[in-house]
Amino acid sequence: LRLERGGIGAFWVPFTLLLARTWREQTRDTAALTIKYFMNTFFCLLFGIVYLRMARDQISIQDRTGILFFQAMNQAFGAAIGISKIIPQQLKVVSRERAARMYTPLPYYLSTFLVTLPLELVPGIGYGTVVYFMTGLRGGAGHYLTYLGVMTLENFAGIGLGMVLSASFTSVEMAPQLAPAFVILFLMFSGFFLNENNVPVYLIWFRELSFIRYAFQALCVNEFRDATFSCDPATTQTCIDGNEHLERLNFDEITIWGNCGILGIMIVGFNLLALGIVYYRQPSYLALMPNKQGKAL
């Protein structure tokens, strides 16, 4: 089906067809999906059991920081690495169709992006909820909804990064080899392994681009700000509260809304960059030139 430019059908017809086809392609391999969700469920329950019903004492402060980091890390790896294989899987067919001018990159990109949402977001919300209540993170509906909101934004950012990597790769084999390296770079500057004040000046831009950092900071602020923890002088020499723990992490000036706003900007930026790469890499061919008799050569 070749559509003329400028009409409504030039977007909506290929968009709906591509949406249906991409959904079938991504859900056709039931064995791979089953293994993926089984492993996610396994680690979800493992985290829940290891950190089961944490007490609100001084020892639990480190444990709570650890599970929040693991949650942020798990969201980033699952979204970015899984999504990075989508476009290379379809590259040959899509390149042929775009060369025939059957559709523009926009409906293709939007359909691919939308298909990833239910496959990544819905399980992520479910796993995050199970871990939250199994581990006994901070009580209250407001804190729980904030936690889910931050995790969802991080998932969107991970999907956006995955789309950038996917649009950049030329083969399916490149995705599992290179995508983890990009995520690990962001993990190094998340604020968990290295204190923010100790990041070398010439590597600050890595820190500022780490979407995992903004999610982890927001999760910690949600968990620790104005929180109190019991203290037993017989077993603990130094007793701190949640605000003092945030000061040690250099998160004391962080606001949840501020970090969520940055995550939103990064989501838009990642997707615009990915769309730009898709446009840049569209196939191009030399136009046929008419000969002296008016026939195309």
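This text follows the structure it describes.
To keep things clear, this report deals only with the structure shown in the data block. No experiment lies behind these values; they were computed from the predicted model shown.

### Overview of the overall build of the protein chain
At step 1: The secondary structure content of the protein chain amounts to eleven helices and zero strands.
At step 2: The order of helices and strands in the protein chain, counted from the N terminus, is α-α-α-α-α-α-α-α-α-α-α.
At step 3: Looking at the protein chain alone, contacts between residues at least 24 apart form 79% of all its contacts between residues at least 6 apart.
At step 4: Of the side chains in the protein chain, 22 bear a positive and 19 a negative charge, and the two mean positions are spaced by 20 Å.

### A closer look at the layout of surface pockets
At step 1: Quantified by volume, the largest pocket comes out at close to 1,000 Å³.
At step 2: For the largest pocket, the lining is made up of 40 residues, of which Lys36, Asn40, Gly78, Gly82 and Glu120 are closest to its centre.
At step 3: With eleven residues, helix α3 (residues 58-83) is the largest single contributor of residues to the lining of the largest pocket.
At step 4: Its residues assigned to classes, the lining of the largest pocket shows 21 nonpolar, 13 polar and six charged.

### Here we look at the state of the cysteines
At step 1: Under the definition given, this model contains one disulfide.
At step 2: What pairs with Cys231 in a disulfide is Cys239, and their sulfur atoms sit 1.4 Å apart.
At step 3: The partly exposed category is assigned to Cys231, whose relative accessible area is 32%.
At step 4: For Cys239, a relative accessible area of 35% translates into the label partly exposed.
At step 5: Here Cys44 stays unpaired: no disulfide links it, and the sulfur of Cys220, its closest cysteine neighbor, is 19 Å away.
At step 6: For the unlinked cysteine Cys260, the closest cysteine sulfur is that of Cys220, found at 13 Å.
At step 7: Cys260 gets classed as buried once you look at its relative accessible area, which sits at 15%.

### What to know about the packing of aromatic side chains
Think of a pair of aromatic rings as described by two things: how far the centres are apart, and how the planes are tilted against each other in angle.
At step 1: Tallied over the full model, the rule gives 22 aromatic pairs.
At step 2: Ring centres 5.7 Å apart and planes at 80° place the aromatic pair Phe69 and Phe216 in the edge-to-face group. One end of the pair, Phe69, is in helix α3; the other, Phe216, is in helix α9 (residues 211-224), with 147 residues separating them in the sequence. In terms of burial, Phe69 and Phe216 fall into one category: buried.
At step 3: Taking 4.1 Å as the distance between ring centres and 25° as the angle between the ring planes, the aromatic pair formed by Trp205 and Phe206 counts as stacked.
At step 4: Classification of Phe206 as buried rests on a relative accessible area of 18%.

### Re empty space enclosed by the protein
At step 1: For the structure shown, the criterion picks out one cavity of 30 Å³ or more.
At step 2: One number sums up the size of the largest cavity: a volume of about 40 Å³.
At step 3: If you trace the largest cavity, you find it lined by Gln75, Leu121, Gly124, Ile125, Gly128, Leu148, Met151, Thr152 and Asn155.
At step 4: Contributing elements (two or more residues each) for the lining of the largest cavity: α5 (105-135) and α6 (141-168).
At step 5: Grouping the constituent residues of the lining of the largest cavity by class yields four nonpolar, five polar and no charged.

### Some details on the packing of helix α4 (residues 86-99) against α5
At step 1: The interhelical angle for the contact between α4 and α5, taken along N-to-C directions, is 155°, at an axis separation of 12 Å. It follows from the interaxial angle that α4 and α5 lie roughly antiparallel. Here α4 and α5 pass one another in a crossing that is right-handed. Between α4 and α5, the residues in contact are Ile86, Ile87, Gln90, Val94 and Arg98 and Pro105, Tyr108, Thr112 and Thr116, respectively.
At step 2: Tallied by class, the residues present in the contact of α4 with α5 amount to five nonpolar, three polar and one charged.

Conventions and cut-offs
- Each chain carries its own residue numbering, running from 1 in the written order of its sequence.
- For a predicted model such as this one, the threshold for reporting local features is a pLDDT of at least 70, and the threshold for listing and counting side-chain atom pairs is 80 or more; totals across whole chains, interfaces and linings nevertheless cover every residue.
- Side-chain metrics in this entry use all non-hydrogen atoms of the structure; hydrogen atoms and water are not considered.
- Comment: elements are numbered from the N terminus, with helices defined as DSSP H or I runs of at least four residues and strands as E runs of at least two.
- Should any heavy atoms of two residues lie within 4.5 Å, those residues are counted as being in contact.
- Neither His nor the chain ends contribute to the count of charged residues, in which Lys and Arg are positive and Asp and Glu negative.
- By convention, the charge on Lys lies at NZ, on Arg at CZ, on Asp at CG and on Glu at CD.
- Lining residues are defined by having an atom within 4 Å of a point belonging to a cavity or pocket. Those points lie on a 1 Å grid over the protein atoms alone, cavities being sets where a 1.4 Å probe fits but cannot get out and pockets being open sets with protein on both sides within 12 Å along at least five of seven lines.
- Grid points are joined across faces, edges and corners, and a volume is the space filled by probe spheres set on the points.
- Three classes are used: nonpolar for Ala, Val, Leu, Ile, Met, Phe, Trp, Tyr, Cys and Pro, charged for Asp, Glu, Lys and Arg, and polar for all others, with Gly counted as polar.
- Cysteine sulfurs are considered disulfide-paired once they come within 2.5 Å of each other.
- Only protein chains enter the accessibility calculation, which uses a 1.4 Å probe; a residue whose area is less than 20% of its type maximum is buried, one above 50% is exposed, and one in between is partly exposed.
- For Phe, Tyr and Trp, where Trp contributes only its six-membered ring, two rings pair if their centres lie within 6.5 Å, and the inter-plane angle classes them as stacked under 30 degrees, edge-to-face over 60, or tilted in between.
- Note on method: axes are straight lines fitted to C-alpha atoms, helices fitted across the in-contact stretch only, with angles between N-to-C directions ranging 0 to 180 degrees.
- Convention used here: angles under 35 degrees read as roughly parallel, angles over 145 as roughly antiparallel, angles from 65 to 115 as roughly perpendicular, and any remaining angle as oblique.
- Crossing handedness: left-handed means the near helix sits turned counterclockwise from the far one by under a right angle, and right-handed means the same turn made clockwise.

Taken by themselves, the reported measurements are silent on function.
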